[in-house]
Amino acid sequence: MALKKEKIQKLYYSIKEVAAMFDVKESLLRYWETEFPHLRPKTTRNNVRQYTDKDIEQIRLIYNLVKVRGFKLSAARRMLNANRDGAEKTAEILESLLDMRTQLQELKKQLDVIV
C-alpha cells in the first residue's frame, strides 16, 4: 500500500511527513481537509498543521477510497458518513492483502535465486 510506516512513533506529524507517507502532494491533503469534515488536524498559532495518528488513520481511509478504489470525493464522503466501520474494515483487509502480496513477491524472488 502507499502508506510508508515509520519505526518511530511521534505525537504529531507535519504535513510534509504525512504527504510523504502516502506519496501525495501537500496541497491534496489541504484539499481533503475542505472536503471531509472528519479530517481536522491541529494547527499552531502560525497555522502549521500537526497531524495525529487519528488524523493519519482518517487520511488512510480517504486514500483507500479515493486513490485505491477510485471513488469520487462525494461518494467517498457518503461512504464514510454512512458506513465508517465497513470502510475501515475494508481498508484493513485491503492493506493486509497488499502486504501479503509484497511478501509473496519477495519470497518468489528468493526462490528464483535458489533455483
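What you see is a predicted model; the values in this text were computed from it and never measured.

**Q** Whenever I open this one, the packing of aromatic side chains confuses me. Can you help?
**A** Centre-to-centre distance and the angle between the planes together describe a pair of aromatic rings. Considering all chains together, one arrives at 1 aromatic pair under this definition. When the centroid spacing of 5.6 Å and the interplanar angle of 45° are considered together, the rings of Phe 22 and Tyr 63 count as tilted. Taken together, the residues span a long stretch of sequence, with Phe 22 in helix 1 (residues 15-22) and Tyr 63 in helix 3 (residues 53-68) at a distance of 41 residues. Each of the two residues, Phe 22 as well as Tyr 63, counts as buried.

**Q** Any chance you could explain the pattern of salt bridges here in plain terms?
**A** Close approach of charged atoms lets side chains of opposite charge pair. Under the definition given, this model contains 5 salt bridges. One salt bridge connects Arg 30 with Glu 26, and the closest N-O pair in it is separated by 3.5 Å. With Arg 30 and Glu 26 both in helix 2 (residues 26-35) and 4 residues apart, this pair spans about one turn of that helix. The salt bridge partner of Glu 33 is Arg 49, with a shortest N-O separation of 2.9 Å.

**Q** Quick question: what am I supposed to make of unusual backbone geometry here?
**A** Backbone phi values are negative for most residues with the exception of glycine, while trans is the configuration of most peptide bonds. Although it is not a glycine, Asp 23 sits at a positive phi angle of roughly 55°. Looking at where Asp 23 falls in the secondary structure, it is placed in the loop between helix 1 and helix 2.

**Q** Is there a simple way to think about the nonpolar core in this case?
**A** In a soluble, globular protein the nonpolar side chains are often hidden away together inside. With 23 residues, the main nonpolar core has Val 18, Phe 22, Leu 29, Trp 32, Phe 36, Tyr 51 and Ile 59 as its most contacted residues. For this core, the secondary-structure elements that each account for two or more residues are helix 1, helix 2, helix 3 and helix 4 (73-82).

**Q** Would you mind showing me how to read helix 2 here?
**A** An α-helical segment advances 3.6 residues per turn. Residues three or four places apart therefore align on the same side. Listed as buried for helix 2 are Leu 29, Trp 32 and Glu 33. Buried residues of helix 2, seen end-on, are gathered within an arc of 105° and therefore sit on one face of the element.

**Q** Could you clarify how one ought to interpret a nonpolar patch on the surface in this entry?
**A** A cluster of nonpolar side chains, namely Met 100, Leu 104, Leu 107, Leu 111, Ile 114 and Val 115, defines an oily patch on the protein surface of about 670 Å² accessible area. Checked against the element boundaries, Ile 114 lands in helix 5 (residues 84-114). Of the residues examined, Ile 114 reaches a relative accessible area of 68% and is grouped as exposed.

What counts, and where the lines are drawn
Residues numbered from 1 in each chain as written. Predicted model: local features only at pLDDT ≥ 70, side-chain atom pairs only at ≥ 80, totals over all residues. Heavy atoms only, no water. Phe/Tyr/Trp six-rings, centres within 6.5 Å; stacked < 30°, edge-to-face > 60°. Helix = DSSP H or I, 4+ residues; strand = E, 2+ residues; numbered from the N terminus. Buried < 20%, exposed > 50% of the residue type's maximum accessible area, 1.4 Å probe, protein only. Salt bridge = Lys/Arg side-chain N within 4 Å of Asp/Glu carboxyl O. Core = buried A, V, L, I, M, F, W, Y, C linked by side-chain atoms within 4.5 Å. Arc of directions from axis to C-beta. Patch = residues over 30% accessible without salt bridge, like charges linked within 9 Å, V, L, I, M, F, W, Y side chains within 5 Å. Areas by Shrake-Rupley, 256 points an atom, 1.4 Å probe, with all protein chains shown as cover.

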